[in-house]
Structures are given as structure tokens and as C-alpha cells.
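What follows is each chain in one-letter form.
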Amino acid sequence: MTTELETDCAIVGGGPAGLMLALALLRQGIRVIVIEKHADFLRDFRGDTIHPSTQDLLADLGLLDEFLTRPHDDMPRVTFSWYGNELTLADFTHLPTRRKVMTFMPQWDFLDLIAEAAAQHPRFTLLRSTRVGELIRDGDRVAGVVGTGPDGEVAVRARLVVDASGRDSDIRAAAGLIPTGVASAMDVLWFRIAKTSGERYPFIQAGSGLIITIDRGDFFQIAHVIPAGAWHGSDADLAVMKDRIARISPGMADAVSALAASDVHLLRVRLERLRSWFVDGMLCIGDSAHAMSPAGGVGINIAIQDAVAAARILGPVLRDGIPTTADLRRVQRRRTWPTWITQFVQRRMQGPLIAERAAEAPLPFPLRMLRDHPRLTHVTGRFVGIGARSERLQLDQ
Ligand SMILES: Cc1cc2nc3c(=O)[nH]c(=O)nc-3n(C[C@H](O)[C@H](O)[C@H](O)COP(=O)(O)OP(=O)(O)OC[C@H]3O[C@@H](n4cnc5c(N)ncnc54)[C@H](O)[C@@H]3O)c2cc1C
């Protein structure tokens, strides 16, 4: 038997975009159902960065103090070690934001915070362990979604469906929206290495590919950026990886030597976007509209900014009526150029990030510029910390 539900806005996907949109609409008195396929927020790594502008939004929502009680690390500058030479990539200390730091928080802790704040609203429902696979249509208009959960099929009818289900969205294709690839030059290898007390590595180490080290307390989580398609999980691939890491970070060579190929998890990176973000009755936001690469660590911020713009533009419409395609187009218009600029910069960054260069080779041109003109790190700080176009909530309640 199918459970029938009805709401104002059905959001598919409880990631940064979906949950932030839910909370911002709830604060405007809109009824929201979020449908998330996982039982919890522990998923494949999708970034732990909470940007200074996102922290301003948390302050707008009255959640900043609570956010700061959760486990986190603050970074006023992103530094970078190129074969042992220290450089600053981005400086947040001059931003016009409340907190002038990039904060690292495991994404599940951040999403728990937003979901808990949403759950305080009686008009909110979160359907966990429920995968959406189909759309409900009234004629040509999307009028809801059908998912499968622990108790069987659920049909959610809504005045607006928002697809925030990320870059592998199923329902985007069902609505006839097919993304085009911009470029995918890199993948990420993801593995843990043991940590002995007092041991430290620079956050980013580079030279022949890139190593990002996240200190998880009792172990180091490593994200190693490699050229796309270079990893097939063979012992030969593993040997190449260990050799590359030993060249970039000789101090990490011992810890990595113990790894087996099965300890290494491949995270595929895609850079894509939709030409149109909407059809009648349904809007795509976040990675569903424009899959971002990890380059620059900005995808979460962009997804959240999409959500905020959508809530500001569509919230007042949803209070009294049904959003038209003209309303949905307004959201796309507002957010298209910031995502295009960001993807353009990410494409330009990918080459230097994964290029094989010898230790004695000159620094890549963009890194030389940052080294020789330190004020440029305020510009990169603004790009990473705020983005091409920031969004505020301006809630009146
Ligand atoms: C390896 C990697 C590392 C990255 N690192 C960073 C970083 O450090 N900083 C940064 O800012 N960005 C990073 N990014 C980019 C960032 O992860 C994305 O841009 C961001 O997560 C997009 O958020 P979203 O809410 O749109 O989608 P997602 O975070 O992908 O969330 C989508 C949600 O929808 C759910 N879902 C999917 N399909 C269904 C369905 N059919 N039914 C119900 N639920 C569904 C998923 O379970 C998920 O919870 C990284 C990306 C990759 C690939």
C-alpha cells in the first residue's frame, strides 16, 4: 500500500542544499518534506568545509553559537606546502564576514545541526532511508515524487518539488533534464593512515598531485588528488600512488607503505551543469544543477547559496500559491553566473593541481603570483570564503 502525503515543498536529498532550503522555508511558515535515501548523514566524503559566508547565514538563522559547540577546527588561512616550501593560498582574515575563518567540521555534524533545527518546526517532515525514483505529474506539470522507504512506497504531492539530490540525481533525468560535462580532469583517492601522538602534516601538500590531510583525532584521513581515470585498484596503481606520495611528502611514506589497494576508496569528481535548472513544478539546485569539483573547496558554499536564493525568491510565492516557471527562472538567473565563474576557476585550477612536476621545476605560474604578491591571497580568500555572489536570508521572522 502507498502512503500518501501532501506538502508545500517536497525536497529530494538531505545534503547541504536540501536541508538549508528546508530550514529557510520553514522559517517563512512553509510546510516542507525532505526525502533522504540514507538513514543518517554518514556518507562518502563530500567535504568538511563551512565557509565564512555560510557562518554568516548560520548567524542569520540563530545557529552560530550552537554550531561552534560542535567539534570543529578554524583555519584563518589556507596554507600549502610545495615540496616542503610553505605558501599561503587564501587568506580569510580580511573578509567582511562575522567570522574570518574557514571552519572544518565533519559534514555529518553540520547536517545534524541543520536537521535538528528544522525538526523543531511542526511543519517539517524528514523521511529517512527513502529513495525517490519517480515523479508524479498533473499533465505536463511535476506535482510530486514517489519514493521507497522502510515501510514501502510513499507518494508526496507538493506545490513545488526541489531536486537537491546531488550530481547523481535520478529524478533530474526523469524530468528530462540532462547535464553536460564541463571537464573532469581529476579523481580523489580516499584512505586513512595511522597517527602517532604529536604527528602533524601540512593541510595541503603538492608537487606531483595533491595530498590533503584531515586530522580526525586518532587517525589522519587523506584525500589524494590524481588525474581522472588513473586509478583502477590494481597493485601497480597502488605502487604508483605510494611512490608519488613519497615524493610529495617523504614523511608520510612509512605510514602509506602499509596500505593495501582495498584500503583505498576512489571518489570520482565531475564538473557538470544543466542548461535549464527547472521544468514546470520542479527546480534543481546544488550539485544536481551544477556538479562541483573539490577544487578550491567551494561546492558546499555554492549549494547553500543556491538554497538561500531559492528560499528568498520562492518562499513568498509558496505562502499563497504555486510557483510558475517564471519564478523558477528567477532563481536560475540569480545563481547561474556565480556557478559558471566558479566552474571556470575550478577548471583552470585542475591542471596545476594534478600536474606531475619535479621538485626542482619552477612553481606553477598561479602559485608564483600568490607567492610574489601576497595581497592576492585576500582575493583568493574572498573567492573561497564568500564566493562569486553571496546570499543572505533577510528573514522577517
Ligand atoms: C570527493 C569530493 C570532495 C569534495 N570536497 C569538497 C570540499 O572540501 N568543500 C566543498 O565545499 N565542496 C566539496 N566538494 C563538492 C561538494 O561535495 C558538493 O558541491 C556539495 O556536496 C553539493 O551539495 P548538495 O546538497 O547539492 O548535494 P549532496 O551533498 O550530494 O547531497 C545530496 C543528497 O541527496 C541524497 N540523495 C541522492 N539521491 C537521492 C534519491 N534518489 N532519493 C533521496 N535522496 C537522495 C544523498 O544521499 C545526499 O544526502 C567535494 C566533492 C567531491 C566529489
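Values in this document were obtained by computation on a predicted structure and should not be read as measured data.

**Comments concerning the site of the ligand**
Link 1 in the chain: Taken together, 35 residues sit near the ligand, with G15, G47, G166, G286 and G299 positioned nearest.
Link 2 in the chain: For the shell around the ligand, the elements supplying multiple residues, two or more each, are α1 (16-26), β9 (131-138) and α8 (299-320).
Link 3 in the chain: With 4 residues, the single largest contributor to the shell around the ligand is α8.

**A look at the domain arrangement of the chain**
Link 1 in the chain: What the domain assignment lists for the chain is domain 1 (3-181 + 271-385) and domain 2 (186-268).
Link 2 in the chain: Put simply, the middle of domain 1 and the middle of domain 2, counted by C-alpha atoms, are 27 Å apart.
Link 3 in the chain: In this complex, domain 1 contributes 17 residues to the contact, which on the side of domain 2 involves 18 residues.
Link 4 in the chain: Of the residues assigned to the side of domain 1 that touches domain 2, the class counts are 9 nonpolar, 4 polar and 4 charged.

**Quick notes on the sheet that holds strand β6 (residues 85-91)**
Neighbouring strands of a sheet are bound in pairs by backbone hydrogen bonds; such pairs are parallel or else antiparallel.
Link 1 in the chain: Strand order across the open sheet formed by 7 strands is β6-β5-β14-β15-β16-β13-β17, with mixed pairing between neighbours. Of all the strands in the sheet, just β6 and β17 (265-268) have a single pairing partner and so form its edges. If you compare each strand with its neighbour and ignore which way they point, the axes differ by 25° on average.
Link 2 in the chain: As paired strands, strand β13 (residues 186-194) and β17 are joined by 4 bridges and run antiparallel to one another. Looking across to β17, one finds that D187 is bridged to R268.
Link 3 in the chain: Packed on one face of the sheet, helix α10 (residues 365-372) meets β5 (77-82) and β6 and runs near 85° to β6.

**Section: helix α6 (residues 235-248)**
Link 1 in the chain: Look at α6: 20 Å from first C-alpha to last across 14 residues, which is about the 20 Å you get at 1.5 Å a residue.
Link 2 in the chain: Of the residues making up α6, those classed as buried are M241, I245 and I248. Axial view of α6: buried residues confined to an arc of 65°, hence all on one face. Residues of α6 that are exposed and point over 90 degrees away from its buried face: D235, A236, A239 and D243.
Link 3 in the chain: Packing partners of the buried residues in α6 comprise β13, β14 (204-207), β15 (209-215), β16 (219-227) and α7 (253-257).

**Things to note about the packing of helix α2 (residues 52-60) against α8**
Link 1 in the chain: Following both chains from N to C, one finds α2 and α8 inclined at 40°, their axes separated by 9 Å at the closest point. As for how α2 packs across α8, the hand of that crossing is left-handed. Side by side, α2 and α8 meet where S53, T54 and L57 of the first sit next to N301, I304 and V308 of the second.
Link 2 in the chain: The residue inventory of the contact of α2 with α8, partitioned by class, reads 3 nonpolar, 3 polar and no charged.

**A few points about the packing of α1 against α8**
Link 1 in the chain: The N-to-C vectors of α1 and α8 enclose an angle of 30°; their axes lie 8 Å apart at closest approach. In terms of axis orientation, α1 runs roughly parallel to α8. When the axes of α1 and α8 are compared, the crossing they make is right-handed. Side by side, α1 and α8 meet where P16, A17, M20, L21, A24 and L25 of the first sit next to I300, A303, I304, D306, A307, V308, A310, A311, G315 and L318 of the second.

Thresholds, definitions, all that
- Along each chain, numbering runs from 1 in the same order as the chain's sequence is written.
- Reporting in this predicted model follows two pLDDT cut-offs: at least 70 for local features of residues, and 80 or more for side-chain atom pairs to be given and counted; totals over whole chains, interfaces and linings ignore these cut-offs and use all residues.
- To decide nearness, the C-beta atom of each residue is placed from the backbone, and the residue is near a molecule or strand if that atom lies within 6 Å of it.
- Runs of H or I in DSSP of at least four residues are treated as helices and runs of E of at least two as strands, each being numbered from the N terminus.
- The domain limits used here are those given by an automatic or database domain assignment.
- Two residues qualify as being in contact provided that their C-beta atoms, derived from the backbone, are within 7 Å of each other.
- When residue character is reported, Ala, Val, Leu, Ile, Met, Phe, Trp, Tyr, Cys and Pro are called nonpolar, Asp, Glu, Lys and Arg charged, and the others, Gly included, polar.
- Strands are treated as partners if at least two bridges between them are detected by DSSP.
- Every axis in this analysis is a line fitted to C-alpha atoms, fitted for helices over the stretch in contact. Angles between the N-to-C directions lie between 0 and 180 degrees.
- Multiplying 1.5 Å by the residue count of a helix minus one yields the expected span of that helix.
- Each residue is classed by its C-beta neighbour count within 10 Å, where at least 20 other C-beta atoms makes it buried, 12 or fewer makes it exposed, and intermediate counts make it partly exposed; the C-beta atoms are placed from backbone geometry.
- The arc in question is the one traced by the directions running from the helix axis out to the C-beta atoms.
- Take the far helix as the reference: if the near one is turned anticlockwise from it by less than a right angle, the crossing is left-handed, and if turned clockwise, right-handed.
- Under this scheme an angle from 65 to 115 degrees is roughly perpendicular, one under 35 degrees roughly parallel, and one over 145 degrees roughly antiparallel; angles in between are oblique.

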